[in-house]
Amino acid sequence: GLLVAISAVAWFESSNTDAVSITNVTVPDRSASYIMLWHRPEGPTWQNRVEFRCEYDISPAPATPPTITWLMGSFTNAARQVIYKWSSSGEVYVHPDFAGRVSVESRTHPTLILVNQGGWGRYWCRVTNEEQSDEFGTDEESLLFYYTTGAYNPPRGSGFSFVEVDKTPIHVKAGGTARLHCEGMGGKEASIAWFKGPSCTQDGNCNVYEMVINKTAVGHSSPDPGTAAVNVSPKYAGRASLGKLDSYMGLTFPDMRSLDLTITDIRPTDVGRYWCTNDWPLAEQFNDLHSRDSQSVVVLLDDEATSCDGKADGMYQDPGYCSRYYTCSGGWLYGPQPCLTGLFFNEAL
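Heads up: these notes are all about the structure in this document. Please read all numbers here as calculations on a predicted model, not as lab measurements.

## Points about the overall build of the chain
Next up, step 1: Scanning the chain for helices and strands turns up one helix and 26 strands.
Next up, step 2: The burial tally for the chain puts 48% of its 349 residues in the buried class.
Next up, step 3: If you take every contact in the chain between residues at least 6 apart in sequence, the share linking residues at least 24 apart comes to 63%.
Next up, step 4: Carbon and sulfur atoms form 53% of the exposed surface of the chain, whose accessible area is close to 16700 Å².

Pasting the structure below:
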């Protein structure tokens, strides 16, 4: 009986939201909006070389190393390429187009070293905790890169996407309200979108993002940019809204404005990672440059501790995570147990 009691307590503690391992990625140089490399050969030993720094924290730390992935392209774009991947197992993949030109020297500080590269590109550092490879265990940030010979030098913030999210995890009780803070360039004239994810499909694709809410862009000549169409996912209908687009600290340059998301009547299925993104698709002269930026914040459910008191023997959905379940037997709680990747627990079935 004593051994059973100890086992039950251990499982019970793991059901708290504090036991969730959250991955947080930081690209230190992204505050400058983009980095530029000038073509200035100073002799035969000159090399076109740039470093994209990346830092991360996983708390609580996993026993196994995370998977480090560098991607290139626009956020949520199906065509975004994996150019480098250092798997948890130690296996390294390099995209054929980048063979001999990319490397990562440290898994703990996964700076991407890129040589012999020209042109624009948005590079993403993604870190995945394979022990919890869901929304909580995967985070990424990006940096826009520009290589120039001096023929064209775009000013900072010219028509491409840039956002800043308050990445402090948000704890909210069921039925409460979560306010997710984001600031971005473009303000009332930009398109704004919030996504949730990533999640995995049965075919193993773990790059799936769910649209929560988006506002279409409007032109500078629009008499009332506030009338832009706002689309809300049916799952969040009547519960999700965008904040008032106030100017950032009264500044007019850069044009940073609030892109906040508010979700009311929080439900267990709402927990996860939310991504803020925006761009200026109406600035056609920059369409090949403004590949979409994004940052994320995690929403956690702070409910009372799960209990089997008064419950019949059987299996129940974890109130904080719809992809987990726990078992009640003789008044003892066992779990939670995770569902297979991409699946959710249904008590009725």
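## A word on the nonpolar core
Next up, step 1: Among the nonpolar cores identified, the biggest contains 28 residues, and L180, C182, W194, V212, L261, Y274 and C276 are the most heavily contacted of them.
Next up, step 2: Sorting the residues of this core by element identifies strand 12 (163-165), strand 13 (170-172), strand 14 (178-180), strand 16 (191-199), strand 17 (208-215), strand 21 (261-263), strand 22 (272-279) and strand 23 (295-301) as the ones contributing at least two each.
Next up, step 3: Sort the elements by how many residues they give to this core and strand 23 lands first, with five residues.
Next up, step 4: There are two domains that each give this core at least three residues, and those are domain 1 (20-158) and domain 2 (161-303).
Next up, step 5: When sequence neighbours within four positions are dropped, the list of residues in contact with V212 reads W194, F195, K196, N231, V232, S233, Y236, A240, L261 and Y274.

## Comments concerning unusual backbone geometry
Next up, step 1: Across the junction of S59 and P60, the peptide omega takes the value -5 degrees, indicating a cis bond.
Next up, step 2: Residue position: P60 is located in the loop between strand 4 (55-59) and strand 5 (67-72).
Next up, step 3: Cis geometry marks the peptide bond from G197 to P198, where omega comes out at 0 degrees.
Next up, step 4: As for its placement among the helices and strands, P198 is situated in strand 16.

## With respect to the state of the cysteines
A covalent bond between the sulfur atoms of two cysteines is referred to as a disulfide.
Next up, step 1: Per the stated rule, a full pass over the model turns up three disulfides.
Next up, step 2: For C182, the disulfide goes to C276, at an S-S distance of 2.1 Å. On the sign convention where negative is left-handed, the bridge of C182 and C276, at about -75 degrees about the S-S bond, is left-handed. One end of the pair, C182, is in strand 15 (residues 182-185); the other, C276, is in strand 22, with 94 residues separating them in the sequence.

## Quick look at the pairing of strand 17
Two faces make up the sheet, and in a regular strand the side chains alternate between them.
Next up, step 1: Here strand 16 runs beside strand 17; their pairing, made up of six bridges, is antiparallel. For A193, the partnering residue across the bridge sits in strand 17 and is N214.
Next up, step 2: Across three bridges, the pairing between strand 17 and strand 18 (residues 230-232) is antiparallel. Looking at strand 18, one finds that K215 is bridged to V230.

## A few points about the side chain of R239
Next up, step 1: Along the chain, the position of R239 falls in the loop between strand 18 and strand 19 (240-242).
Next up, step 2: The class for R239 is buried, based on a relative accessible area of 5%.
Next up, step 3: Side-chain polar atoms of R239 contact the side chain of D270, separated by 2.8 Å.

## Quick notes on the pattern of salt bridges
Next up, step 1: By the definition in use, this model includes eleven salt bridges.
Next up, step 2: The shortest N-O distance in the salt bridge between E51 and R49 comes to 2.9 Å.
Next up, step 3: Of the charged contacts in the structure, one is a salt bridge between D139 and R273, with a shortest N-O distance of 3.4 Å. Placement of D139 in strand 11 (residues 138-148) and of R273 in strand 22 is noted, with a sequence separation of 134 residues between them.

## Brief notes about the packing of aromatic side chains
Next up, step 1: Taken as a whole, this structure holds twelve aromatic pairs when the rule is applied.
Next up, step 2: On the numbers, 6.4 Å between centres and 70 degrees between planes, the contact of Y123 with F145 is edge-to-face. In this pair, Y123 sits in strand 10 (residues 121-128) while F145 sits in strand 11, placing the two residues 22 residues apart along the sequence.
Next up, step 3: For F145, a relative accessible area of 0% corresponds to the buried category.
Next up, step 4: Three or more aromatic residues joined by ring pairs make a cluster, and in this case those are F75, W124, F195, Y209 and W275.
Next up, step 5: Directly above the aromatic system of W124 lies the positively charged group of R80, at a separation of 5.1 Å from the ring centroid.
Next up, step 6: Cation over ring: K311 sits above Y316, and NZ or CZ is 5.0 Å from the ring centre.

## Section: the sheet that holds strand 26 (residues 332-338)
Next up, step 1: With respect to topology, three strands assemble into an open sheet ordered 24-25-26, the strand pairing being antiparallel. In the strand order of this sheet, the two ends are held by strand 24 (314-317) and strand 26, each with one partner. Pairwise comparison of adjacent strand axes, ignoring direction, gives a mean angle of 25 degrees for this sheet.
Next up, step 2: In terms of strand pairing, strand 25 (residues 324-329) meets strand 26 through five bridges, oriented antiparallel. Looking across to strand 26, one finds that T327 is bridged to Y334.

## Topic: the sheet that holds strand 3 (residues 49-52)
Next up, step 1: Reading across the sheet, the three strands line up as 3-9-8 and stay open at both edges, with antiparallel pairing between neighbours. The open sheet has two edge strands with one neighbour each: strand 3 and strand 8 (102-104). Strand-to-strand, the axes of this sheet are offset by a mean angle of 20 degrees, without reference to chain direction.
Next up, step 2: As judged from the four bridges shared by strand 3 and strand 9 (residues 112-115), these two strands associate in the antiparallel manner. Looking across to strand 9, one finds that R49 is bridged to V115.

Analysis parameters
- Residues numbered from 1 in each chain as written.
- Predicted model: local features only at pLDDT ≥ 70, side-chain atom pairs only at ≥ 80, totals over all residues.
- Heavy atoms only, no water.
- Helix = DSSP H or I, 4+ residues; strand = E, 2+ residues; numbered from the N terminus.
- Buried < 20%, exposed > 50% of the residue type's maximum accessible area, 1.4 Å probe, protein only.
- Contact = heavy atoms within 4.5 Å.
- Areas by Shrake-Rupley, 256 points an atom, 1.4 Å probe, with all protein chains shown as cover.
- Core = buried A, V, L, I, M, F, W, Y, C linked by side-chain atoms within 4.5 Å.
- Domains from an automatic or database assignment.
- Disulfide = S-S within 2.5 Å.
- Pairing = 2+ DSSP bridges.
- Polar contact = N/O pair within 3.5 Å; in protein donor to acceptor, adjacent residues only side chain to side chain.
- Salt bridge = Lys/Arg side-chain N within 4 Å of Asp/Glu carboxyl O.
- Phe/Tyr/Trp six-rings, centres within 6.5 Å; stacked < 30°, edge-to-face > 60°.
- Lys NZ or Arg CZ within 6 Å of the ring centre and 35° of its normal.
- Axes fitted to C-alpha atoms, helices over the stretch in contact; angles between N-to-C directions.

The values reported here are purely geometric and, on their own, carry no functional implication.
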